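So the chains spell out like this:
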Amino acid sequence: MNCRVCDSTNLELAIDLGNQPWCNHFLKPEEVGKEPFYPLRVLFCHDCHTVQLDYTVKKEIMFGDHTYLSGVTKSLSQHFKTVAEEIDNRFFKNTPEKSVLDIGSNDGTQLKHFQALGYDVLGVESSKTTAKIANEAGVPTLNQFFNLETAKQLNRKFHAINAAGVFFHLEELHSAAEGIREALREDGVFVVQFLYMKRIVENLAFDQIYHEHLLYYNLQTIEVLLNRHGLSMFDAYLSPIHGGSIIGFVSHQGKQKPSDRLQQMRQAEIEDKSNELSTYLDFARRIEQMKAENLAYLDAAKQEGKRVFGFGAPVKGNTLLNYFGIGTQHLDYLVEKNELRRGLYSPGQHIPVVIEKELQELPDIYYVLAWNFKKEILANNQNLINQGVQFYFPVNPKEV
């Protein structure tokens, strides 16, 4: 295999999470037990230091149609609103006829916040169902994969381009990066929002490793990719969303000077050895320890006769459930808000998904798979906590 970023062949296995199903493939009853499994292994590139999966599940399988909706979670929508307002205030406040392109625009949640600020908006979304939901909500959305060809078809340039949680998904990575350069005005800003690998390691949030996430960036490694395509990051900060994501601001090369806070974050990566193989090998050891602790906790709860439900059916939860081997022997249900997952089963472990408002009984313990929304979950469920329901977080994200 060649490195996805720099084409090097100097790659080494860092983390092996075994064979796993594609974790966004929630199963209909007739599909249970028939889902395919694929290797889930993370390699380290000795040349550019990017960590990445060695196996690609085809993009048409993963992104052609799926059940993830970004509008379901209030804190995510609020985050998108904050980002839209920040981009507008910093760069385009008094710009006439301002425009924004959102790559992987999902149900249009991010673009609705730009519409409210007077932008001409366009989304590009590969999932049929989600693109349809966005168009029906009045957010113009193309149902396509974004790459250089798509950018050329658009034949226009945008003030702002946003990619939230999509830049590490891209099978056509270099074509998409070229497409961004093609569609970005000379004075434009590309805002890239991505899970921060330094943070994943610090949080022990290994469940954020799954087949859709082909790459895991730190600042140093994403800059290798951007620079290769005539783009450069000039500012960034760490946001608490998803346990710790980078909001990075990118321009055409030579257009902006790097900010002090970006320089400080780059320096912190060096000091913390964030881009060294030893850090990832240590991460793999800590995952094994976490597995033993979680299984001991759940086994003890079952021996005490306690009922345990999974809280949320997030995609990433399936990495954790499958790697730890947590199935219906531990969790009766996964309790979920997203109506598209009604009556489905988790891939691999086949735990039934039930919709929260239709729940007939309460558990003694909620094993919280949607841990990245910890604050929102604890705030919304204070009455259950008062009734004695325990909320157990397998991953406890550090405060940002």
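To start, this report covers the structure provided alongside it.

Parameters at a glance
- Residues numbered from 1 in each chain as written.
- Predicted model: local features only at pLDDT ≥ 70, side-chain atom pairs only at ≥ 80, totals over all residues.
- Heavy atoms only, no water.
- Axes fitted to C-alpha atoms, helices over the stretch in contact; angles between N-to-C directions.
- Helix = DSSP H or I, 4+ residues; strand = E, 2+ residues; numbered from the N terminus.
- Contact = heavy atoms within 4.5 Å.
- Nonpolar A, V, L, I, M, F, W, Y, C, P; charged D, E, K, R; others polar.
- Salt bridge = Lys/Arg side-chain N within 4 Å of Asp/Glu carboxyl O.
- Buried < 20%, exposed > 50% of the residue type's maximum accessible area, 1.4 Å probe, protein only.
- Pairing = 2+ DSSP bridges.

Some details on the packing of helix H8 (residues 219-228) against helix H9 (residues 260-271)
(1) Moving on: Between H8 and H9, the shortest axis-to-axis distance is 9 Å and the interhelical angle comes to 115°. Across the interface between the two elements, Leu219, Gln220 and Glu223 from H8 touch Leu262, Met265, Arg266 and Glu269 from H9.
(2) Moving on: Here the contact of H8 with H9 is composed, by residue class, of 3 nonpolar, 1 polar and 3 charged.

Notes on the pattern of salt bridges
(1) Moving on: Counted under the stated rule, the structure contains 27 salt bridges.
(2) Moving on: Salt-bridge contacts for Lys98 lead to Asp88; the nearest nitrogen and oxygen are separated by 2.9 Å. Of this pair, Lys98 sits in the loop between helix H2 (74-92) and strand S4 (99-103) while Asp88 sits in helix H2; the two residues are 10 residues apart in sequence, bridging distant segments of the chain.
(3) Moving on: Glu336 serves as the salt-bridge partner of Arg341, at 3.7 Å between the closest nitrogen and oxygen. Residue Arg341 shares its accessibility class with Glu336, and that shared class is buried.
(4) Moving on: Beyond isolated ion pairs, a larger network of salt bridges with shared partners links Glu86, Arg90, Asp235 and Arg261.

Structural notes on the pairing of strand S10 (residues 231-239)
(1) Moving on: Counting buried residues in S10 gives 8 out of 9 residues, a clear majority hidden from the surface.
(2) Moving on: Of the strand pairs in this sheet, S10 and strand S11 (residues 245-252) are connected by 8 bridges, and their pairing is antiparallel. Looking across to S11, one finds that Met233 is bridged to Val250.
(3) Moving on: Adjacent in sequence and paired antiparallel, S10 and S11 are bridged by 5 residues, among which His242 carries a positive phi angle near 60°.

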